[in-house]
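The lines below spell out each chain.
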Amino acid sequence: MAEATPILSVQDLVMHYTTRKGDVSAVDGVSFDLENGKSLGLVGESGCGKTSIAFSLMKLLPDNAKIKGGSIYVGGTDILQLSHDELLKFRWQRIAMVFQAAMNALNPVYTVGDQIIEALDLHWGDLSREQSRERIGQLFEMVGLDPKLMDRYPHEFSGGMRQRAVIAMALSCNPDIIIADEPTTALDVIVQDRILRELKKIQEKLGMSMIYISHDIAVIAEVSDRIGVMYAGRMAELADGVDIFEHPLHPYTYALMRAFPSIKGEKHELVTLPGEPPDLLFPPPGCRFHPRCPRATDVCKQEQPPFADNGRGHFVACWHPMEANHE
Amino acid sequence: MLHYLLRRAVSGLIALFLFLTLMFFVSESVAPTDFTTQFSLLMTEEQRAALARDLGIDRPLWQRYFDWFGSLVRGDLGFSYYGFPVAEHLWGLIPYTLLVFLIGTMIAFQIGRWMGKVAAWRGPGLVNTLSSISAIMLYTAFPPFLAFLVSRVMERRLDLKRPALGGRAVGNVFFGELWRSPRWEPETVMSWVLLTVVGYSVLIMVLNELLARRVRRRMPTLVQAAALIALVSGTWYATGLWPYALEVLKVASIPIVTFVLLSFGETMLIMRTSMSDTLREDFITTAEAKGLPSRAIRDRHAARTALLPVFSRLVVSLPYLLTGLVILEDTLKWPGLSASLFNALYQQDIPVVMGGLVLVGVLSAITRLLLDVMYAYLDPRIRYDSGKLRRAG
């Protein structure tokens, strides 16, 4: 699939949370590549491991989380092998993150500008104060904020403005990759749409790579070149955006799409998926989706399906994929 | 911000007025009957009436209240029933109370803040448990008992000679060669000690803020402490205050240590809770993602933000600390404001009691206002709110 070396390559990532009841296998053997300048969307229900992956990519894990195996290559270096100091330099410089701003991603006691300067000081230490302020002014203009606002405090911003400020902060050190974790979930639909589109434009202009994380496949589809559908800590399907929409191969992807209303597409009845995602303390054997899958057979209960390329870079982990009609 | 402070000042004045009015009527009505009855066995009915007339306590209560309040506004606290002017009497006591109160509060706040920060940062574990247990034990200790323990331990260590005072009498606490023919009276020395310590602390604080604005760096706490000690002792040395100041601090260390032990626990416990809450905030994750080293995350992001509830709590508990100190002074025979309050109460010397209460009230009002200024400085959201109000009004 990959012609050039991908900027990000995740191989067989396994991550567990240790709890009193036992290990929760939050991410189990996930692999994907992200090419330079492209965007990848990760979708799935809450608890499917998409945020755990995002935090693993920056090694921003809580104390009880442990990466048990796999590798994460960013531009050729395995970040799981980095020392603590190297990791501090790596963060924000190579991978930055756009947080959900409504959830207090900004410290209330410092001005927005000061919080961006903090990152610039850390990674681009040789900037003078005037240069830093100029840089922040440019960033603010890029995300559609008045540069004069940089000396304001976060509480003086509206939700949408705060989101833009958080995006400006993520852009500040010219990272190779930006992870947007539920970037617009708390905003109203109109602001959400506008910000996503602007983010997409900035990404294309600066030639960065993006990872979008959302539970809303419609939001993801609009901005991502490739889409990965996650279920219970595993990647169920990974393909180009159009492909996955037109020919979903995994029954879960199919069900997920039928559960969201489509504005542009034809009318269809919304179908909810019966059952709940499994308890990851005791994940079901075989395919983790089999208890809810209408196509499940005996083999699904016993053996884990391989995550295989079914042609044209369309990966799926299913014993009985939906009828694919490529061509 | 000015609007906010003005509002706080006005509400402080109103509270002070209500407090003093209430205390006037309470102390007048709680006294068994009145001053003259103390001498009922020695005096005839006529003599007592004459004394009451002399002291002006034969007039109706409301009239006395207005008289008292009128002279208070003019800054006159009147005369004790024993003849001496109240203001002058209290003026000699203030340095004792202020010395212990201000220095003790500063130390207790810094210790509590630091311990709370470290305990929360370390998370559950031995350090956390031990510091919490000791903070809770000291915070809830019976103050006279703690005072007794501290003075037992420290008097011997510091080789302090204490007069054998019985009962509730409070007298001089400064003895020895130095005070035979001193260049300065102990009260004067205390005032200077206070002025230098508090003044230089404020100076260092302001410098630190200016530094942070200019070069975005702050002095480490240790450097600040060293600078404070150097400045203070340098000034003492230069003015010849050194031996006297040391003696004063040595004697005052018992009440200060007791006060610190009793009051740091509150700060520590609130700081710990506030800090652990702050550490779960999203902006901490942002700070980590930015690649900040953990020290910067702990101090610049978590501790700075966690300080706000601690501060607002301190504003509320200041009057309790002050009144608690007055009780402590009585136990330790430290001749501060308690001398005016307790002794005068036993002697039914109402003007002195009221004078003491005025001082306690004014002191808490002023320190509260100062803390309000600092709080408004620390929390930008307060500055903003006042701006909104000003626009609306």
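Residues numbered from 1 in each chain as written. Chains lettered and ligands numbered in written order. Predicted model: local features only at pLDDT ≥ 70, side-chain atom pairs only at ≥ 80, totals over all residues.

Engineer: So what's going on with the overall build of chain A? Which residues, and what values?
Structural biologist: Along chain A, the regular secondary structure elements total ten helices and twelve strands. Its C-alpha atoms give chain A a radius of gyration of 20 Å, near enough to 20 Å, the size a compact globule of 327 residues would have. In terms of overall dimensions, chain A has C-alpha extents of about 65 × 45 × 40 Å along its principal axes. Counting all 327 residues of chain A, 45% fall into the buried class. Considering only residue pairs separated by 6 or more positions, chain A has 64% of its internal contacts joining residues 24 or more positions apart. (Helix = DSSP H or I, 4+ residues; strand = E, 2+ residues; numbered from the N terminus. Rg over C-alpha atoms; globule rule 2.2 N^0.38 Å. Buried ≥ 20, exposed ≤ 12 C-beta atoms within 10 Å, placed from the backbone. Contact = placed C-beta atoms within 7 Å.)

Engineer: Describe the nonpolar core, listing the residues and the values that go with them.
Structural biologist: Residues A168(A), I179(A), I211(A) and V100(B) are the most contacted members of the largest nonpolar core, which totals 166 residues. Residue contributions to this core peak at 17 residues, all from helix α10 (residues 242–279) of chain B. Contacts of V100(B), omitting those with residues within four sequence positions, involve A252(B), P255(B), I256(B), F259(B), L325(B), W334(B) and G336(B). (Core = buried A, V, L, I, M, F, W, Y, C linked by C-beta atoms within 7 Å.)

Engineer: Help me get a handle on the confidence of the model for chain B, residues and values and all.
Structural biologist: Residues and elements named next belong to chain B. Overall, the prediction assigns chain B a mean pLDDT of 85, with 92% of residues at 70 or greater. In this model residues 386–393 is a low-confidence stretch, pLDDT under 50, and it forms five contacts with partners more than four residues away in sequence or in other chains. Both confidence scores are given for the complex: pTM 0.84, ipTM 0.87. (pLDDT = per-residue confidence, 0-100.)

Engineer: Residues and numbers for the interface of chain A and chain B, please.
Structural biologist: Taken together, the contact between chain A and chain B spans 23 residues of the former and 19 residues of the latter. Mapped onto the side of chain A that touches chain B, the elements with two or more residues apiece are α2 (84–90) and α3 (112–123) of chain A. When residues of the side of chain A that touches chain B are assigned to their parent elements, the largest contribution, five residues, is made by α3(A).

Engineer: Please give an account of the sheet that holds strand β2 (residues 22–34) of chain A that cites residues and values.
Structural biologist: Residues and elements named next belong to chain A. Read from one edge of the open sheet, four strands run β2-β1-β4-β5, paired in antiparallel fashion. Where the open sheet ends on each side, the last strands, each with one partner, are β2 and β5 (77–78). With ten bridges joining them, strand β1 (residues 8–19) and β2 adopt antiparallel strand pairing. Directly across from T19, in β2, lies its bridge partner G22. (Pairing = 2+ DSSP bridges.)

Engineer: Which residues make up the packing of helix α12 (residues 294–332) of chain B against helix α14 (residues 350–378) of chain B, and what values do they have?
Structural biologist: Residue and element names in this part refer to chain B. Contact geometry for α12 and α14: axes closest at 10 Å, N-to-C directions at 170°. Relative to α14, α12 is oriented roughly antiparallel. Of the residues in α14, those in contact with L307, L308, F311, S312, L314, V315, L318, P319, L322, T323 and V326 of α12 are V360, L363, S364, T367, R368, L371, D372, Y375 and L378. For the contact of α12 with α14, the residue count by class is 14 nonpolar, four polar and two charged. (Axes fitted to C-alpha atoms, helices over the stretch in contact; angles between N-to-C directions. Parallel < 35°, antiparallel > 145°, perpendicular 65-115°, else oblique. Nonpolar A, V, L, I, M, F, W, Y, C, P; charged D, E, K, R; others polar.)

Engineer: Describe in detail the environment of D216(A), supporting the description with residues and values.
Structural biologist: Residue and element names in this part refer to chain A. Positionally, D216 belongs in the loop between β8 (209–214) and α7 (217–223). Classification of D216 as partly exposed rests on a count of 15 C-beta atoms within 10 Å. Through-space distance from the C-alpha of D216 to that of T185 is 9.0 Å; in sequence the pair is 31 residues apart.

Engineer: How would you sum up helix α4 (residues 129–142) of chain A? Please name residues and give values.
Structural biologist: Residues and elements named next belong to chain A. In a regular helix each residue adds 1.5 Å, so 14 residues correspond to 20 Å; α4 covers 20 Å between its end C-alpha atoms and thus fits that length. Of the residues making up α4, those classed as buried are S132, I136, L139 and F140. All buried residues of α4 project into a common sector of 100° when viewed along the axis, lining one side. Facing away from the buried surface of α4 by more than 90 degrees, the exposed residues are E130, Q131 and E141. In this structure, the buried residues of α4 make contact with α3 and α5 (159–171). Once α4 ends, the next one or two residues include G144, with phi positive near 80°. (Expected span 1.5 Å × (residues − 1). Arc of directions from axis to C-beta.)

Engineer: Pulling in residues and values, what's your account of the environment of M268(B)?
Structural biologist: All names here are of chain B. Structurally, the position occupied by M268 is in helix α10. Residues M268 and V173, spaced 95 residues apart in sequence, show a C-alpha to C-alpha distance of 32 Å. In contact with M268, other than residues within four places in its own chain, are G112, M115, G116, S131 and A135.

Engineer: Could you give me a rundown of helix α13 (residues 337–346) of chain B, with the residues and numbers involved?
Structural biologist: All names here are of chain B. Among all positions in α13, only L337, S338, A339, S340, L341 and A344 are buried. Those residues of α13 hidden inside the fold are in contact with α4 (86–91), α5 (94–122), α12 and α14. Just downstream of α13, Q348 is the residue with a positive phi angle, here 55°.

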